[in-house]
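Now for the letters of each chain:
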Amino acid sequence: MLGISELSKKMPASPIRKLVPYAEAAKKRGVKVYHLNIGQPDVESPKEALEPIKNFDLKLISYPHSAGIESYRKGLAKYYQGVNIDLSYEQIIVTIGGSEALHMALNVCCNPGDEVIVFEPFYTNYNTFALMTGVKFVPVTTTIEDGFALPPMSEVEKYITPKTKAILINSPGNPTGTLYTKEDILKLGEIVIKHNLFLMSDEVYREFCYTDEPHFSCMHIPGAEQHVILIDSVSKRYSMCGARVGCIASHNKDVMGAVMRFAQARLCGPAIGQMASEGALNTPQSYFDSVKEEYISRRDLMIERLNKIEGVYSPMPKGAFYTTARLPVDDAEKFAQWMLEEFSHEGQTVMVAPAAGFYATPGKGTNEVRIAYVLKKEDIANAMDCLEQALKVYPGRTV
Ligand code: PMP
């Protein structure tokens, strides 16, 4: 009998995308939908990234090296030097987005059944990578009341078992915008050294930190070189999500040797995307400064508006371009669907991502949504008007 695999049956629909058919139907009815559900920035990619593609006059798009184009990897090593991360190009392998880097990290470090500690809410696709590799995620819950900060390390250590292989973190984080402090990262370093674990550090939002201190990377932890695996991407840094270029890096030779075998099995990363990414390395600081300024002002507007709506609460995110907010509803997914199916305000509505799918613990986050501030301020203001009006008339409102 023909049938799909057990794994396929378990693969969850992305909570970011599963309401898309309702948004499409709303648009067909002529309703304008503000997409705050997805981290697709409207910021332009730097011209330095676009130029190599425009000037592309080769006659053939061939396979690049499995580890990535060498000149690009050398350029990446230089970029890391610039943020005080000491990596040689041999310690960096170019991947198909941060997504493939995460998948490879789990495949390389874990056997099926091994446990990886994650702090929930976390980037929802981590769940799918865990399913694909047979890894069991052990969630440590962080709360909106604490601004989703890390719990005390004594608490974290309680989750370590003989099956624990790694701790996976993401700072600045999706979906909360939480930025772990230098002290937090150093303490995590102590734990992974003490218990001999890997520390997988997803730093795809490194450039989006809104505090005065520079981003503190897990790569900065003294003595943890053999433990830390860096996951990175150009998607957000240069607003180049479609280039599909990321990388995985580690000082651990065994890890990188194994990553290379996975890299060879899929032949290579994208040639055109790597050309653009190599060009992007020449992006001037002024680009980052203006993008950061823009995100800070979008964030400030959104958080102020959210917290003015009765019954809504959002902590102040310190990085990335998301917040996870609590709404006065029991079931945020139903509310999000209702906003698309039954509600509009002056011909407009808003799409948000229900937060439950960002938690691994069933029942958590059901009254929370993730909101991305990736639209211009005028659109954010209109979207906040819609949300405010929607919550006034929603029949399922709890307070
Ligand atoms: N990690 C995090 C935290 C993300 O938010 C994303 C994308 N939204 C990724 C990894 C993967 O992105 P990409 O594959 O485009 O690099």
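Source: prediction; values computed, not measured.

Draft legend 1. Seen up close, the domain arrangement of the protein chain. Domain boundaries assigned for the protein chain yield domain 1 (6–44 + 286–393) and domain 2 (48–280). At the interface, 39 residues of domain 1 touch 33 residues of domain 2. Counting each side, the surface lost to burial between domain 1 and domain 2 is near 3,000 Å², with a carbon and sulfur contribution of 65%. By the criterion of area lost to domain 2, the three top residues of domain 1 are Lys-318, Ala-320 and Phe-358, representing 18% of everything that side buries. Between domain 1 and domain 2 we count one salt bridge in total. Across the pair Glu-145 and Arg-326 runs a salt bridge, and its minimum N-O distance is 3.0 Å.

Draft legend 2. Region of interest: the packing of helix H2 (residues 20–28) against helix H12 (residues 332–341). Remark: H2 packs on H12, axes separated minimally by 8 Å, with the N-to-C direction vectors making an angle of 20°. Relative to H12, H2 is oriented roughly parallel. Regarding H2 and H12, the two cross each other, and that crossing is left-handed. For the pair H2 and H12, contact is made by Tyr-22, Ala-23 and Ala-26 and by Gln-337, Leu-340 and Glu-341, respectively. Of the residues that constitute the contact of H2 with H12, the class distribution is four nonpolar, one polar and one charged.

Draft legend 3. Quick peek at the pairing of strand E7 (residues 228–233). Among the six residues in E7, six count as buried, and that is most of the element. On E7, burial covers both faces: Val-228, Leu-230 and Asp-232 on one face and Ile-229, Ile-231 and Ser-233 on the other are all buried. The pairing of strand E6 (residues 198–202) with E7 spans four bridges and is parallel. The residue bridging Ser-201 from the neighbouring strand is Leu-230, located in E7. In this structure, E7 lies alongside strand E8 (residues 246–249), joined through four bridges in antiparallel fashion. Looking at E8, one finds that Asp-232 is bridged to Cys-247.

Conventions adopted
Residues numbered from 1 in each chain as written. Predicted model: local features only at pLDDT ≥ 70, side-chain atom pairs only at ≥ 80, totals over all residues. Heavy atoms only, no water. Domains from an automatic or database assignment. Contact = heavy atoms within 4.5 Å. Buried area = accessible area lost by both parts, 1.4 Å probe. Salt bridge = Lys/Arg side-chain N within 4 Å of Asp/Glu carboxyl O. Axes fitted to C-alpha atoms, helices over the stretch in contact; angles between N-to-C directions. Helix = DSSP H or I, 4+ residues; strand = E, 2+ residues; numbered from the N terminus. Parallel < 35°, antiparallel > 145°, perpendicular 65-115°, else oblique. Left-handed = near helix turned anticlockwise from the far one by under 90°. Nonpolar A, V, L, I, M, F, W, Y, C, P; charged D, E, K, R; others polar. Buried < 20%, exposed > 50% of the residue type's maximum accessible area, 1.4 Å probe, protein only. Pairing = 2+ DSSP bridges.

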